[in-house]
Amino acid sequence: MVDLTHAKWRPNRYGGSEKKRTLLFDGKIYMVKFPEPPRSKKTSVSYIGNQFSEHIGCQIFQALQIPAQNTFLAKYCEPVTGKEKIVVVCEDFCQNGNRLLEFSKIGHHDTGSDKTYTTTIEDVYEIIERFDFPVNKFAIKKHFWNMFVVDALLGNPDRHLDNWGLLEDSAGRIKPAPVYDCGSSLSPLSSDERKDLLLKDENLMKIEEYNLCSVYRHQGKRIFYHEILKTPPADLHRSILEIVPRIKFAAPRIDALIDATEEMTDISKTYMKKSLAMRLNQMLLPALKKAQERQASEDAESRGFSR
Ligand SMILES: Nc1ncnc2c1ncn2[C@@H]1O[C@H](COP(=O)(O)OP(=O)(O)OP(=O)(O)O)[C@@H](O)[C@H]1O
Ligand SMILES: [Mg+2]
């Protein structure tokens, strides 16, 4: 594992809520996220495990052919305390003249309305519909829902409007930005003691790992992943049909990349694999089956009409 204790740091250029530093390494710029003590007292961990969540979450997106930031894990020894930390190093995708347009910022361009956009599906659609620059709106909606399906797999409660966006290149072309900020996925707040307990109790594990909410609201209600996947809106229906087969195919590779993660405890690896398998088998595969049945009956109906 790379040791960043004597690395070349640059003044930090990234926002967000977690501690981070900007690194120049091998001629490239990286955002380095540091582990932090949790802000909530509801957890038993002394440090949040989101560096593993970030690294593995982004690798899972990439394994599913959805562009995501490149990451690697590294060591860092605090000079004053001598304490060693594991950090996640994220390659900046805004080099070569690219610019990240966080979705929340694009919402501000709407000067014709004094509305403040929030994390609702309706607002995401309204912002996209009001885009008045050349962009493939269908591709952006598709990206949003593809990401949503993978976030359901990862149990991500935090894909808010600052945590995804578009990328504008130096020629002004705009496309979805690589996925970044997966740090709240994959249970970063659970200690190994808690994971051990949950692994021994199927019901408790299901409450904690299946019954999860997205950050978004839809029709006035907070979205539970398992609920919306049962009766998806049309655009989510299409993403289920496209992404869930890819997840099924990539599942052994995803397990292998978790197993290969350095400095992660065996209990955390077992827990992560089991929670992913639970959400795939109990939530995403049944959703795929339903979506395929719905598709088959819609196809049969349209053939009937065309006869
Ligand atoms: N790989 C990257 N390349 C360029 N900019 C990035 C990259 N990753 C993140 N950013 C920018 O840095 C900001 C902070 O990063 P990130 O969202 O990962 O941090 P955070 O502290 O976890 O945020 P949050 O407040 O959502 O918890 C992002 O909102 C985005 O603007
Ligand atoms: Mg963020």
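Attention here is on the structure that accompanies the text. (Residues numbered from 1 in each chain as written. Chains lettered and ligands numbered in written order. Predicted model: local features only at pLDDT ≥ 70, side-chain atom pairs only at ≥ 80, totals over all residues. Heavy atoms only, no water.)

Thoughts on the overall build of the chain
Looking only at helices and strands, the chain has nine helices and 11 strands in total. The C-alpha atoms of the chain give a radius of gyration of 20 Å, which matches the 19 Å a tight globule of 307 residues would have. Overall, the C-alpha framework of the chain stretches about 75 × 50 × 35 Å when taken along its three principal axes. Considering only contacts within the chain whose residues lie at least 6 apart along the sequence, 62% involve residues at least 24 apart. Here the chain has roughly 15,800 Å² of accessible surface; of this, 52% comes from carbon and sulfur atoms. (Helix = DSSP H or I, 4+ residues; strand = E, 2+ residues; numbered from the N terminus. Rg over C-alpha atoms; globule rule 2.2 N^0.38 Å. Contact = heavy atoms within 4.5 Å. Areas by Shrake-Rupley, 256 points an atom, 1.4 Å probe, with all protein chains shown as cover.)

A short note on the coordination of the magnesium ion (ligand 2)
The magnesium ion (ligand 2) binds to the protein through Asn163 (OD1) and Asp181 (OD), with metal-donor distances spanning 2.1 to 2.2 Å. Placement of Asn163 in the loop between helix H4 (137-154) and strand S8 (165-168) and of Asp181 in the loop between strand S9 (174-176) and helix H5 (192-199) is noted, with a sequence separation of 18 residues between them. (Donors = N, O, S within 2.8 Å, 3.2 Å for Na, K, Ca; no water.)

Quick notes on the site of ligand 1
In the vicinity of ligand 1, 19 residues are found, and the nearest of them are Lys20, Lys33, Gln69, Glu102 and Asp181. Between ligand 1 and Gln69, the relevant distance is 2.7 Å, taken from a nitrogen atom to a side-chain nitrogen or oxygen of the residue. At a separation of 3.3 Å, an oxygen atom of ligand 1 approaches a polar side-chain atom of His160. For ligand 1, the accessible surface in isolation is 620 Å², of which the surrounding protein chains cover 90%. Where the shell around ligand 1 is concerned, the elements lending two or more residues are strand S4 (28-33) and strand S7 (99-102). Along the lines of polarity and charge, the residues of the shell around ligand 1 split into five nonpolar, six polar and eight charged. (Near = heavy atom within 4 Å. Polar contact = N/O pair within 3.5 Å; in protein donor to acceptor, adjacent residues only side chain to side chain. Nonpolar A, V, L, I, M, F, W, Y, C, P; charged D, E, K, R; others polar.)

Focus on the sheet that holds strand S6 (residues 84-91)
Reading across the sheet, the six strands line up as S1-S5-S6-S4-S3-S2 and stay open at both edges, with mixed pairing between neighbours. The two strands at the open ends of the sheet, each matched to only one other strand, are strand S1 (2-3) and strand S2 (8-10). Bridge count between strand S5 (residues 71-77) and S6: seven bridges; the pairing is antiparallel. Following the sheet pairing, Cys77 is matched in S6 by Glu84. Its contacts with the sheet place helix H1 (residues 50-63) against S4, S5 and S6, and it is angled at close to 30° to S6. (Pairing = 2+ DSSP bridges. Axes fitted to C-alpha atoms, helices over the stretch in contact; angles between N-to-C directions.)

As for the side chain of Asp151
Position of Asp151 relative to the elements: it lies in helix H4. The residues touching Asp151, leaving out its near neighbours within four places in the chain, are Phe61, Asn156, Arg159 and Tyr225.

A look at the side chain of Ser214
With respect to the secondary-structure elements, Ser214 resides in strand S10 (residues 213-218). A polar atom in the side chain of Ser214 sits 3.0 Å from the backbone nitrogen of Tyr216. The residues touching Ser214, leaving out its near neighbours within four places in the chain, are Phe148, Asn156, Arg222, Ile223 and Tyr225.

Brief notes about the packing of aromatic side chains
What describes a pair of aromatic rings is the distance from one ring centre to the other and the angle between the planes of the rings. A complete count under the given rule lists 15 aromatic pairs for this structure. Joined through ring pairs, the aromatic side chains of Phe103, Phe131, Phe133, Phe144, Trp145, Phe148, Trp164, Tyr216 and Tyr225 make up one cluster. Over the aromatic face of Trp9 sits the side chain of Arg21, whose NZ or CZ is 4.3 Å from the ring centroid. Positioned above the aromatic ring of Tyr210, the side-chain terminus of Lys206 is 4.6 Å from the ring centre. (Phe/Tyr/Trp six-rings, centres within 6.5 Å; stacked < 30°, edge-to-face > 60°. Lys NZ or Arg CZ within 6 Å of the ring centre and 35° of its normal.)

Regarding the sheet that holds S8
Note on sheets: strands pair through backbone hydrogen bonds, and any given pair is parallel or antiparallel. What the three strands build is an open sheet, ordered S7-S8-S9; its pairing is antiparallel. Either end of the sheet is taken by a strand with one partner, and the two such strands are S7 and S9. Taken over all neighbouring pairs, the strand axes of this sheet differ in orientation by 30° on average, direction set aside. Note that S7 and S8 share four bridges and pair antiparallel. Looking across to S8, one finds that Arg99 is bridged to Glu168.

Remarks on the pairing of S5
Residues in a regular strand project their side chains so that they alternate between the two faces of the sheet. Alignment of S1 against S5, held across two bridges, turns out to be parallel. Bridged to Asp3 within S5 is Lys75. Here S5 folds back onto S6, and the loop between the two strands holds six residues, one of which, Gly82, carries a positive phi near 75°.

Everything listed here is a matter of coordinates, which is why it stays silent on function.
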